[in-house]
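Topology and contacts: notes
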There are 2 protein chains.
Amino acid sequence: MNVMTGGKLKLVQAALKLATETRSLTSLKLRELAREAGLNPNTFYRHFENLDDLGLQVLGYIAAEMKAGVRQLRLVAESSEQAANTTVAFVYQYFLENKAATTVAVRELYGSSPLLRRALETQLDASAREMAEDLMQRGLIPRHLTEQTVVEISHMTIRYILFRAMDYIEKPHQREAIQQETERFINRQFRGATLDQLSNEEFDALVAAVRQPA
Amino acid sequence: MNVMTGGKLKLVQAALKLATETRSLTSLKLRELAREAGLNPNTFYRHFENLDDLGLQVLGYIAAEMKAGVRQLRLVAESSEQAANTTVAFVYQYFLENKAATTVAVRELYGSSPLLRRALETQLDASAREMAEDLMQRGLIPRHLTEQTVVEISHMTIRYILFRAMDYIEKPHQREAIQQETERFINRQFRGATLDQLSNEEFDALVAAVRQPA
DNA sequence: TCGGCACGTAGACAACTGTATACACCCAGA
DNA sequence: TCTGGGTGTATACAGTTGTCTACGTGCCGA
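This structure is a prediction, so every number in the text was calculated from the model and none was measured.

Of all the residues in helix α2 (residues 30–37) of chain A, the buried ones are Leu30(A), Glu32(A), Leu33(A), Ala34(A) and Ala37(A). Positive phi appears at Gly38(A), one or two residues downstream of α2(A), with a value of about 70°.

In structure tokens, the structure reads:
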């Protein structure tokens, strides 16, 4: 990834700011952008072909940022003895520190540009596979789950956290609650999945046994 | 809710169409709208104060539609003897039949207009409480769960389904898979929640016992 | 039959949009 | 030292935007 300098960087940062605060990435206006960046409108054409091109490059910029972030998270997680709860905290902290990128990702994942949507989906799917691999290698989840199941849950979890991160960012007084909720979410998914093959009757019996130990 | 007629209805329908296909509700343009509706641009001002006003009214229109839809779903569910899986099918079918409203809701829930976001959040929270009440009254979920837990899971589920509905709408060949995934999601949440109070060790022991019955 | 009113249209305005062409600067390599 | 390319600017143009004022309908109650 090229290191951006001068005007181009200013334009990308302006795009992130506007896309976060007042618009979406796909509804940016060229002159608004230039105004925000403090540049002449035509400077835009020195760096981008058109607004679509800008959108894609910004997304690339975000994707690179996120990839680096994920790599760092994995390192932190490896060095930590603790389990899922601190990881969840780290993840939310990361989103909090990358508010603009997070907001853009959430808005465009189901936004009006098919191109950006595909790119984001691919990115999230890759993250889900990585997460699943991590979880299984480190033995952080109940055994006996198939890889497919772990991937499926990872997929759900990543999307859940991504959207929940928007609330986490914008509602500071709810952050602790959101974090705990997320931990419950993950635990319930994995524990529930461990018992997937039980029928309702078998499950009820199991619960009854647990609640009234002999 | 007033029944809309003539030009106003045309404008709202045009807004839904454009918001679904090419834009978001908050980035609509007045003249584009009039063009799509086949009306003179100024006709807009006969019915709406400005574009924000239109957005709010469209949201109201959608909310009313959804409320009616939910009411109907509850009736269908009551008359049905079957459990969650058919309900999930009905819910997705409903979203499929209300593609425009669904798309708008998804896009604006984390969109750039705080006003619309609040309105949508309120609506979803109300739906979650209704869903929780329904589930508990009809005894469709494991007993011994607190109301708070059921509401929390309902809240998560509604958002999960709402976003997943976008994929359901747009990827016809994945519909069955999405539906089954959703059922697993819900089952795991409730089953997992039933075992919330177990420690990891207790849970592992339980799983071991289930997998190797004496 | 008349008067008002809801609805839609016509034309105009200044502001803003994306884009093209032409010009000015700085810095590396010959 | 000259030169060429990368970068930013100035000016211009046609098309589009939101909004204003004024005008023409058709309908409904008095």
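Here the narrative resumes.
Around DNA strand D sit 16 residues, and of these Asn42(A), Arg46(A), Arg31(B), Arg35(B) and Asn42(B) come closest. The sugar-phosphate backbone supplies 38% of the atoms of DNA strand D found within 4 Å of the protein. Asn40(A) has a polar backbone atom sitting 2.9 Å from a phosphate oxygen of DNA strand D. Taken together, the elements giving at least two residues each to the surface near DNA strand D come down to α3 (44–47) of chain A together with α2 (30–37) and α3 (44–47) of chain B. Sorting elements by how many residues they give to the surface near DNA strand D places α2(B) first, with 3 residues. Class assignment for the residues of the surface near DNA strand D results in 4 nonpolar, 6 polar and 6 charged.

Before going further, it helps to examine the pattern of salt bridges. For the structure on display, the rule yields 20 salt bridges over all chains. In this structure, Glu152(B) and Arg184(A) form a salt bridge, with 2.8 Å as the shortest nitrogen-oxygen distance. With Glu152(B) in helix α8 (residues 147–170) and Arg184(A) in helix α9 (residues 175–194), this residue pair bridges two chains. Exposure remark for Arg184(A): the relative accessible area of 28% places this residue in the partly exposed category. One salt bridge in this structure joins Glu32(B) and Arg23(B), with 2.8 Å as the shortest N-O distance. By sharing partners, the salt bridges in this structure join Glu121(A), Arg164(B), Asp167(B), Lys171(B) and Glu181(B) into a single network.

Right, let's talk about the interface of chain A and chain B for a bit. In this complex, chain A contributes 44 residues to the contact, which on the side of chain B involves 44 residues. Across the chain A/chain B interface, buried area totals approximately 4,100 Å², and carbon plus sulfur atoms make up 53% of it. Ranking the residues of chain A by area buried against chain B places Tyr110(A), Arg188(A) and Arg191(A) at the top, with a combined share of 21%. With its nearest N and O atoms 2.7 Å apart, the salt bridge here joins Arg188(B) to Asp196(A). The interface formed by chain A and chain B includes 28 residue pairs in polar contact (both at pLDDT 80 or more). For the side of chain A that touches chain B, the per-class residue count stands at 16 nonpolar, 12 polar and 16 charged.

Surrounding DNA strand C, one finds 16 residues, the nearest of these being Arg31(A), Asn42(A), Tyr45(A), Asn42(B) and Arg46(B). Put simply, 38% of the atoms of DNA strand C that lie within 4 Å of the protein are in sugar or phosphate. A distance of 2.9 Å is found between a phosphate oxygen of DNA strand C and a backbone nitrogen or oxygen belonging to Gly7(B). Within the side chain of His47(B), a nitrogen or oxygen atom sits 2.7 Å from a phosphate oxygen of DNA strand C. Elements supplying a minimum of two residues to the surface near DNA strand C: α2 and α3 of chain A together with α3 of chain B. Of the residues forming the surface near DNA strand C, the biggest block, 3 residues, is contributed by α2(A). For the surface near DNA strand C, a count of residues per class yields 4 nonpolar, 6 polar and 6 charged.

All names here are of chain A. Assignment of secondary structure puts leucine 116 in helix α7 (residues 114–137). What makes leucine 116 buried here is its relative accessible area of 4%. Sequence separation between leucine 116 and alanine 64 is 52 residues; the distance between their C-alpha atoms is 15 Å. Setting aside anything within four residues of it in sequence, one finds leucine 116 in contact with Leu25, Thr26, Gly55, Leu56, Leu59 and Glu108.

Let us look at the UniProt feature "DNA-binding region" (unreviewed entry) in chain A. Per the UniProt annotation, the sites labelled "DNA-binding region" (unreviewed entry) are residues 29–48 of chain A. Structurally, residues 29–48 of chain A comprises 60% helix and 0% strand, and the distance from its first C-alpha atom to its last is 13 Å.

Inspection of the entire model under this criterion finds 2 cavities of 30 Å³ or more. Size it by volume and the largest cavity reaches roughly 240 Å³. Around the largest cavity, the lining comprises 18 residues; the ones closest to its centre are Tyr160(A), Phe163(A), Arg159(B), Tyr160(B) and Phe163(B). For the lining of the largest cavity, the secondary-structure elements that each account for two or more residues are α8 (147–170) and α9 of chain A together with α8 of chain B.

Quick look at the relation of the copies chain A and chain B now. Between the two copies, chain A and chain B, the superposition gives an RMSD of 0.0 Å; the rotation angle is 180° and the shift along the axis is 0.0 Å. In symmetry terms, the pair is related by a two-fold rotation axis. Residue Gly192(A), judged by its C-alpha, is the member of chain A lying nearest the rotation axis, at 2.2 Å. Of the interface residues in chain A, 100% have counterparts in chain B that sit at the interface too, so the contact is made through matching surfaces.

The next thing to look at is a positive patch on the surface. The grouping of Lys29(A), Arg31(A), Arg35(A), Lys29(B), Arg31(B) and Arg35(B) at the surface amounts to a positive patch. For the positive patch, the secondary structure elements donating two or more residues are α2 of chain A together with α2 of chain B. Its location among the elements puts Arg31(A) in helix α2.

Another aspect to go through is the packing of α7(A) against α8(A). Residue and element names in this part refer to chain A. Between α7 and α8, the least distance of the axes is 8 Å, while the angle of their chain directions is 125°. On the basis of their axis angle, the class for α7 and α8 is oblique. Here α7 runs over α8; the crossing is right-handed. Residues Glu121, Leu124, Asp125, Ser127, Ala128, Met131, Ala132, Leu135 and Met136 of α7 pack against Glu147, Val150, Val151, Ser154, His155, Thr157, Ile158, Arg159 and Leu162 of α8.

Rules of the game
Residues numbered from 1 in each chain as written. Chains lettered and ligands numbered in written order. Predicted model: local features only at pLDDT ≥ 70, side-chain atom pairs only at ≥ 80, totals over all residues. Heavy atoms only, no water. Buried < 20%, exposed > 50% of the residue type's maximum accessible area, 1.4 Å probe, protein only. Helix = DSSP H or I, 4+ residues; strand = E, 2+ residues; numbered from the N terminus. Near = heavy atom within 4 Å. Polar contact = N/O pair within 3.5 Å; in protein donor to acceptor, adjacent residues only side chain to side chain. Nonpolar A, V, L, I, M, F, W, Y, C, P; charged D, E, K, R; others polar. Salt bridge = Lys/Arg side-chain N within 4 Å of Asp/Glu carboxyl O. Contact = heavy atoms within 4.5 Å. Buried area = accessible area lost by both parts, 1.4 Å probe. UniProt positions renumbered as here; feature names shortened; annotations may be inferred. 1 Å grid on protein atoms, 1.4 Å probe; cavity = no way out; pocket = protein on both sides within 12 Å on 5 of 7 lines; lining within 4 Å. Points joined across faces, edges and corners; volume = space filled by probe spheres on them. Least-squares fit on C-alpha atoms with pLDDT ≥ 70 in both. Patch = residues over 30% accessible without salt bridge, like charges linked within 9 Å, V, L, I, M, F, W, Y side chains within 5 Å. Areas by Shrake-Rupley, 256 points an atom, 1.4 Å probe, with all protein chains shown as cover. Lys, Arg positive; Asp, Glu negative; His and termini not counted. Charge placed at Lys NZ, Arg CZ, Asp CG, Glu CD. Axes fitted to C-alpha atoms, helices over the stretch in contact; angles between N-to-C directions. Parallel < 35°, antiparallel > 145°, perpendicular 65-115°, else oblique. Left-handed = near helix turned anticlockwise from the far one by under 90°.

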